[in-house]
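One-letter residues, chain by chain:
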Amino acid sequence: MSEARLWNAVDDYFTGRLLGDDPDEALTAALRESDAVGLPPIAVSPLQGKLLHLLARVQGARRVLEIGTLGGYSTIWLGRALPADGRLITLEYDPGHAEVAVRNIARAGLAERVEVRVGPALESLPRLADEQPPPFDLVFIDADKANNPHYVEWALRLTAAGSLIVLDNVVRGGRVADPDNTDPDVVGTRAALDMFGTHPRLDATAVQTVGVKGHDGFALARVVS
Ligand SMILES: C[S@@+](CC[C@H](N)C(=O)[O-])C[C@H]1O[C@@H](n2cnc3c(N)ncnc32)[C@H](O)[C@@H]1O
């Protein structure tokens, strides 16, 4: 069996054991609708979505910020972790993606809790900061990787001690550790990881993963002050 087939088989096994055999209608529909209108298949996997959900629950998160919505698949996992009066703001550049996400989020019964803001995140974030929102308990960064250091900077401005920042796709098949790789996405991720490792307000780690999304990984940083 090839490595990729083995990773898929283990993910399928975990998914069956841990997420149940009955497909979750809202999550399944979100992926189906996203696929039907041609969105790229780059949402987090079901097991990764559940990890985000559990992290938000462990955080006792009431306020979540997501950068990079796509069709709202990870948004639904995170939104479901919130209490009824919780709030999730998710930022999406592409109006077409945002339109699909709004429908998927509504189908999941989360329209009251979740707001999709359309536009480049580096324009949405200063506008959001101008509103002086209460600190976000969890920030999930999953958009254009070249801007990752800017997103970490904004996450620091919009969080407080005890908040959690999750940075996705930090491995990319190992390219992050290849010094000859100068792809802007890789360079952006390295810069964000440097901030995670050296910023006095952050305490961080990173985990590489294999599975249906190939060889990749995520980094976690707790805001300590
Ligand atoms: C990897 S996908 C997000 C996947 C989603 N978090 C999930 O797991 O279901 C990245 C998304 O970020 C969006 N994006 C790219 N550049 C962006 C930017 N500058 N501002 C906001 N969103 C951006 C893309 O259009 C795409 O929908």
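Residues numbered from 1 in each chain as written. Predicted model: local features only at pLDDT ≥ 70, side-chain atom pairs only at ≥ 80, totals over all residues.

The name an unreviewed UniProt entry assigns to the chain is O-methyltransferase, from the organism Actinospica acidiphila.

Caption draft 1: Broad picture of helix α5 (residues 95–107). Relative to the 18 Å expected for 13 residues at 1.5 Å per residue, α5 spans 18 Å between its end C-alpha atoms, a close match to the ideal helical length. Within the span of α5, buried status applies to His97, Ala98, Val100, Ala101, Val102, Asn104 and Ile105. The inward-facing, buried residues of α5 abut α2 (25–36), α4 (73–79), β2 (87–92) and β3 (114–118). A positive backbone phi angle near 75° is found at Gly109, which sits one or two residues after α5. (Helix = DSSP H or I, 4+ residues; strand = E, 2+ residues; numbered from the N terminus. Expected span 1.5 Å × (residues − 1). Buried ≥ 20, exposed ≤ 12 C-beta atoms within 10 Å, placed from the backbone. Contact = placed C-beta atoms within 7 Å.)

Caption draft 2: Seen up close, the packing of helix α1 (residues 3–19) against helix α3 (residues 46–59). For the pair α1 and α3, the least separation of the axes is 9 Å and the interaxial angle reads 45°. Between α1 and α3, the angle is such that the two are oblique. In this structure, α1 contributes Asp11, Phe14, Thr15 and Leu19 to the contact, and α3 contributes Pro46, Leu47 and Lys50. (Axes fitted to C-alpha atoms, helices over the stretch in contact; angles between N-to-C directions. Parallel < 35°, antiparallel > 145°, perpendicular 65-115°, else oblique.)

Caption draft 3: Inspection of the pairing of strand β4 (residues 138–141) at higher detail. Side chains Leu138 and Phe140 project from β4 onto one buried face, and the interleaved Val139 and Ile141 project onto a second face that is buried too. Looking at chain direction, strand β1 (residues 63–67) and β4 are connected through four bridges and run parallel. In the sheet register, Glu66 faces β4, and the bridge partner there is Phe140. In the sheet, β4 pairs with strand β5 (residues 164–168) via four bridges, with the strands oriented parallel. (Pairing = 2+ DSSP bridges.)

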